[in-house]
Amino acid sequence: MIETAPARRSLWQRQRWLTLRRSSQLAILGLFLIGPWFDIWWAKGNLAASLWFDTIPLTDPMIVVQSFVALGEVTATALVGAVLVAGFYVMVGGRVFCSWVCPVNIITDAAHWTRQRLRIPPGWRPHPALRMWLLAMCVATSAWTGTIVWELVNPVTLVQRGIVFGLGFGWIIIASIFLFDVVVSRRGWCGHLCPVGAFYGILGVASPVRIAAVAREACSDCGDCFEVCPEPQVITPALRGVDQSTRVIVARDCTNCGRCIDVCPDEVFRFAWRYGAEPTVATPERTNKPS
Amino acid sequence: MSNGNKLPRSSEHSAERRRFIAGTAQAAGSVSLVGLLLASYGEQARTHPVAALRPPGAIDEQDFLGACVRCGLCVRDCPFDTLRLARFGESMATGTPYFIARDVPCEMCTDIPCAAACPTDALSKSLTDIGDADMGVAVVTGTDTCYSITGVAHCTACYFACPIKNEAITMEMKQENGKVFFVPTVHREHCTGCGKCEKDCILPEAAIKVLPRDLVSHDSGAHID
Ligand code: SF4
Ligand code: SF4
Ligand code: SF4
Ligand code: SF4
C-alpha cells in the first residue's frame with residue numbers, strides 16, 4: 001500500500017536473464033551430449049578442449065597456460081583454440097564463462113538458493129585476493145611439477161567431462177562444492193576460491209560489454225540486487241556513485257549474469273557498452289541485447 | 001594534545017597493518033598448503049595401475065601429464081571404443097586416456113586416428129607406422145597355466161590374435177620327454193603392446209599380459225626395428 005512501486009513487472013521481465021543464462025548453460029552441455037547420445041558430432045571433446053564441426057578447435061586458455069609453463073611448448077592447434085576462446089571472453093566479459101557456460105554455476109546457484117531459504121549466516125569470508133593466489137599457485141605448481149596441476153581436481157572440467165564421458169566419483173566434488181557453499185561460506189566457491197573464475201576475470205578486465213546502473217537515481221534501496229548478485233561488491237561503485245562517477249560496473253569480478261536486471265523493481269540496470277558516452281536513462285527500453 | 005592524538009592513531013594503524021600482514025600470511029600459507037597437496041596428489045597419479053595402457057604414440061608419462069589436456073578427442077575417434085578417460089577416484093590422473101587390454105585391446109589402426117585427433121603432443125604425430133607403437137610389451141606371465149606351455153592343449157589363441165604374428169609373437173617348438181610343445185614367445189622388439197593376445201587368452205586369468213616396457217626390459221625401452 002505504502003510502496004510506490006512502478007507498474008508490476010511481468011514474470012518474463014523478472015526471470016529473463018536467468019532463463020537465457022540457464023538455457024545457454026544447458027544448450028552448451030547439450031551440444032556436447034548429442035554426440036555420444038544421438039551420434040550427432042557437432043562438438044567433440046569437452047570444456048578442456050574440443051573440436052567443432054570437425055574443423056574449429058577450442059581450448060581452455062587456463063589449461064594451455066598451465067601446459068605451457070609445464071613443458072615450455074604448446075601445439076599450434078591448442079594455441080589457436082585458446083586464442084579463439086580467450087578472444088571471445090575478452091570481448092563479452094571474462095566471467096561470462098561463469099554465468100553463461102560453466103556447469104558448476106548451476107550447482108553453486110542452487111546452493112545459494114538453499115542457503116537463503118534456510119537463512120544461513122554468511123559464514124567464512126576468505127581473503128578477497130585468495131582466488132588470485134590460488135590461480136598463481138596453479139601456474140607455479142604446474143611449472144614446478146611439469147604437469148597440468150589444476151586439472152587433477154578442477155571441478156569445472158571434472159563435472160562437465162563427467163557428464164559427457166562418465167562421472168565416476170566426480171559426484172563427490174559436486175556434493176562437496178554444494179555443501180561448502182551452503183554451510184561454510186556464502187558464494188564460497190565461485191565468489192572466493194575458484195581459480196578458473198579468477199583466470200577468466202582477468203581475461204575480461206577491459207571487456208566492453210558490461211552491466212550499468214543507468215537509472216541509479218531511481219534506486220529505492222531495496223537491496224535485492226546485492227542479495228542476488230554472486231559478487232555484490234562490484235555493484236556499489238556504480239550504483240552508489242554520484243555525479244560524474246561511472247554508472248558502468250567495471251569490476252572484473254562481475255559475471256555479466258544480468259540477475260540484477262531481473263530482480264531490480266526500479267529497473268535501474270541494463271546491459272551497456274563500457275566505452276564512449278556514459279550510458280544513461282535516456283534509453284530505458286528493456287530490449288537491449290548483450291552484444 | 002597533538003601527541004595524544006597521534007598515539008592512538010598510529011597504534012591503530014599498526015594494529016591494522018598487523019591484521020593485514022597476518023591475513024596475507026594466512027592466505028599465502030593456505031595457498032602453499034593447497035599447492036603442496038596438489039603436487040603430492042599429482043605425484044601419486046603419475047604411477048598408475050600397470051594394467052592401464054596409454055594410447056599409441058603417448059609420450060613419456062611425465063611429459064604426458066603436462067601435455068594432455070584431457071579432452072577425450074582420442075577417445076572419440078577410436079573406432080573400437082578402446083579408450084576411456086580416467087574418472088575421478090580412479091588411481092590415475094583424472095581425465096587422461098587409457099585402455100585395459102583385457103577389456104578392449106587396441107586394434108592397431110593403420111591410420112592411428114586417436115593420435116591424429118590429439119590437439120596436443122600428448123599423442124605424438126611422429127608415430128606414423130602403428131607397428132612402431134610402444135604401448136607396452138606382452139609377457140607370458142602364466143608359464144604355469146598357459147595350456148600350450150603346460151601341454152594341456154595346443155592352444156595358439158594369443159598367436160592368432162596378434163596383428164603382427166610371426167614377428168611379435170611366434171609359437172616355438174619345444175620337445176620334452178618325447179612330447180612336443182609349442183611355446184608362445186614374444187619378440188619384444190616388434191611387440192607394440194596392443195593387447196590383442198591378452199584379450200584373447202582363453203584362461204580366466206590371462207597367461208599373457210601387456211606390461212609397461214620399462215617394467216620388463218631395462219635398456220630404457222629402446223624400440224629396435
Ligand atoms: S567461478 Fe569457477 S566454478 Fe564458479 S562459475 Fe566461474 S569457472 Fe565455474
Ligand atoms: S590405434 Fe585404433 S584401436 Fe588402437 S587406440 Fe588408436 S584408434 Fe583405438
Ligand atoms: S586427445 Fe590428446 S590431449 Fe586429448 S585426451 Fe587424448 S591424449 Fe589427451
Ligand atoms: S604380442 Fe600381443 S601385444 Fe604384442 S603385438 Fe602381438 S598381440 Fe599385440
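## Section: the site of ligand 3
Around ligand 3, the surrounding shell holds 14 residues, and the nearest of these are Cys 68, Cys 71, Gly 72, Cys 74 and Cys 118 of chain B. Taken together, the residues of the shell around ligand 3 sort by class into 11 nonpolar, 2 polar and 1 charged.

## Looking at a nonpolar patch on the surface
All names here are of chain A. Taken together, the side chains of Trp 37, Phe 38, Ile 40, Trp 42, Phe 53, Ile 56, Val 80 and Leu 84 present a nonpolar region at the surface, about 840 Å² in accessible area. Of all the secondary-structure elements, those providing two or more residues to the nonpolar patch are helix H1 (11-38) and helix H3 (76-92). Take Ile 40: it is sitting in the loop between H1 and strand E1 (43-45). Residue class for Ile 40 comes out partly exposed when judged on its relative accessible area of 35%.

## Some details on the interface of chain B and chain A
Across the contact, 38 residues belong to chain B and 42 residues belong to chain A. Of the roughly 3,200 Å² buried at the junction of chain B and chain A (both faces included), carbon and sulfur atoms supply 72%. Per-residue buried area on chain B facing chain A is highest for Leu 38, Arg 76 and Phe 88 of chain B; these three make up 22% of the total on that side. A salt bridge links Lys 44 of chain A to Asp 77 of chain B; its shortest N-O distance comes to 2.8 Å.

## Things to note about the packing of helix H2 (residues 61-71) of chain A against helix H10 (residues 195-203) of chain A
Residue and element names in this part refer to chain A. Closest axis-to-axis distance for the H2/H10 pair is 10 Å, and the angle between their directions is 100 degrees. Compared by their axis directions, H2 and H10 come out roughly perpendicular. Of the residues in H10, those touching H2 at Pro 61, Met 62 and Val 65 are Pro 195, Val 196, Phe 199, Tyr 200 and Leu 203. When the residues that make up the contact of H2 with H10 are grouped by side-chain class, the tally is 8 nonpolar, no polar and no charged.

## Overview of the domain arrangement of chain A
Residue and element names in this part refer to chain A. According to the domain assignment, chain A contains domain 1 (42-203) and domain 2 (211-288). The straight-line distance from the C-alpha centre of domain 1 to that of domain 2 is 26 Å. Counting residues at the interface gives 18 residues for domain 1, matched by 15 residues for domain 2. Carbon and sulfur atoms make up 41% of the area that domain 1 and domain 2 hide from each other, which totals about 1,100 Å². Its largest share of buried area at the contact with domain 2, domain 1 owes to Arg 95, Arg 186 and Arg 187, together 38% of the area lost on that side. Counting the contacts that link domain 1 with domain 2 gives 3 salt bridges. Linking Arg 131 and Asp 253 is a salt bridge whose minimum nitrogen-to-oxygen distance equals 3.0 Å. Viewed at the interface, domain 2 and domain 1 are joined by 11 residue pairs in polar contact (both at pLDDT 80 or more). Its residues assigned to classes, the side of domain 1 that touches domain 2 shows 8 nonpolar, 6 polar and 4 charged.

## Considerations on the state of the cysteines
All names here are of chain A. Counted by the stated rule, this structure contains 0 disulfides over all chains. Here Cys 254 is not disulfide-linked; the sulfur of Cys 229 is the nearest cysteine sulfur, at 6.4 Å. With relative accessibility at 14%, the residue Cys 254 sits in the buried group.

## Considerations on the sheet that holds E1 of chain A
Residue and element names in this part refer to chain A. With antiparallel pairing, 3 strands are arranged side by side in an open sheet as E1-E2-E3. Among the strands making up the open sheet, the edge pair consists of E1 and strand E3 (56-59). Across this sheet, the average inter-strand angle for adjacent strands is 25 degrees, counted without regard to direction. Here E1 runs beside strand E2 (residues 49-52); their pairing, made up of 3 bridges, is antiparallel. In the strand pairing of E2, Lys 44 is matched with Leu 51.

## Considering the pairing of strand E5 (residues 169-176) of chain B
All names here are of chain B. Looking at chain direction, E5 and strand E6 (residues 179-186) are connected through 8 bridges and run antiparallel. From the neighbouring strand, Met 173 faces E6, where its bridge partner is Phe 182. Counted along the chain from E5 to the antiparallel partner E6, the turn is 2 residues long, and its residue Asn 177 has a positive phi close to 50 degrees.

## With respect to helix H8 (residues 170-184) of chain A
Residues and elements named next belong to chain A. Helix length check: H8 (15 residues) gives 20 Å between terminal C-alpha atoms against 21 Å at 1.5 Å per residue, within 8%. By the burial criterion, the buried members of H8 are Gly 170, Ile 173, Ile 177, Phe 180, Asp 181 and Val 182. The inward-facing, buried residues of H8 contact helix H5 (104-117), helix H7 (155-165) and helix H9 (188-193).

## Some words on the packing of aromatic side chains
Residue and element names in this part refer to chain A. Taken as a whole and assessed by the stated rule, the structure comprises 14 aromatic pairs over all chains. Between the aromatic rings of Phe 88 and Tyr 89, the centroid separation amounts to 5.0 Å while the plane-to-plane angle is 80 degrees, which identifies the pairing as edge-to-face. Of the residues examined, Phe 88 reaches a relative accessible area of 45% and is grouped as partly exposed. Residue Tyr 89 is classed as buried on the basis of its relative accessible area, which comes to 6%.

## So, the side chain of Thr 59 of chain A
Residue and element names in this part refer to chain A. Along the chain, the position of Thr 59 falls in strand E3. Classification of Thr 59 as buried rests on a relative accessible area of 4%. Engagement of the side chain of Thr 59 in a polar contact is seen with the backbone oxygen of Ala 78, the distance being 3.1 Å. Not counting residues within four places of it along the chain, the set of residues in contact with Thr 59 comprises Ala 48, Ala 49, Val 64, Thr 77, Ala 78, Gly 81, Ala 82 and Val 85.

## Focus: the nonpolar core
If you look at the biggest cluster of nonpolar residues, it comprises 114 residues, and the most contacted ones within it are Phe 97 and Phe 269 of chain A together with Ile 208 of chain B. Leaving out residues up to four positions away in the same chain, Phe 97 of chain A has contacts with Leu 47, Tyr 89, Cys 102, Val 156, Val 196 and Tyr 200 of chain A.

## Overview of the side chain of Ser 185 of chain A
Residue and element names in this part refer to chain A. Mapped onto the secondary structure, Ser 185 falls in the loop between H8 and H9. Ser 185 sits in the buried class, given a relative accessible area of 0%. Beyond its immediate stretch of four places on either side in the chain, Ser 185 contacts Arg 115, Pro 122, Trp 124, Pro 126, Phe 180 and His 192.

## What to know about the pattern of salt bridges
Close approach of charged atoms lets side chains of opposite charge pair. For the structure on display, the rule yields 19 salt bridges over all chains. Among the salt bridges present, the one from Asp 221 of chain A reaches Arg 240 of chain A, with a minimum N-O distance of 3.1 Å. Of the two residues, Asp 221 of chain A is situated in the loop between strand E4 (209-212) and helix H11 (224-228) and Arg 240 of chain A in helix H12 (residues 235-240); the sequence distance between them amounts to 19 residues. One salt bridge connects Lys 196 of chain B with Glu 107 of chain B, and the closest N-O pair in it is separated by 2.9 Å. On the criterion of sequence distance, the pair formed by Lys 196 of chain B in helix H7 (residues 196-200) and Glu 107 of chain B in the loop between strand E3 (97-100) and helix H4 (113-117) is long-range, its members being 89 residues apart. Residue Glu 107 of chain B is classed as partly exposed on the basis of its relative accessible area, which comes to 30%. Several salt bridges share partner residues, and in doing so they unite Arg 21, Arg 22, Asp 109 and Arg 187 of chain A into one network.

Conventions we followed
- Residues numbered from 1 in each chain as written.
- Chains lettered and ligands numbered in written order.
- Predicted model: local features only at pLDDT ≥ 70, side-chain atom pairs only at ≥ 80, totals over all residues.
- Heavy atoms only, no water.
- Near = heavy atom within 4 Å.
- Nonpolar A, V, L, I, M, F, W, Y, C, P; charged D, E, K, R; others polar.
- Patch = residues over 30% accessible without salt bridge, like charges linked within 9 Å, V, L, I, M, F, W, Y side chains within 5 Å.
- Areas by Shrake-Rupley, 256 points an atom, 1.4 Å probe, with all protein chains shown as cover.
- Salt bridge = Lys/Arg side-chain N within 4 Å of Asp/Glu carboxyl O.
- Helix = DSSP H or I, 4+ residues; strand = E, 2+ residues; numbered from the N terminus.
- Buried < 20%, exposed > 50% of the residue type's maximum accessible area, 1.4 Å probe, protein only.
- Contact = heavy atoms within 4.5 Å.
- Buried area = accessible area lost by both parts, 1.4 Å probe.
- Axes fitted to C-alpha atoms, helices over the stretch in contact; angles between N-to-C directions.
- Parallel < 35°, antiparallel > 145°, perpendicular 65-115°, else oblique.
- Domains from an automatic or database assignment.
- Polar contact = N/O pair within 3.5 Å; in protein donor to acceptor, adjacent residues only side chain to side chain.
- Disulfide = S-S within 2.5 Å.
- Pairing = 2+ DSSP bridges.
- Expected span 1.5 Å × (residues − 1).
- Phe/Tyr/Trp six-rings, centres within 6.5 Å; stacked < 30°, edge-to-face > 60°.
- Core = buried A, V, L, I, M, F, W, Y, C linked by side-chain atoms within 4.5 Å.

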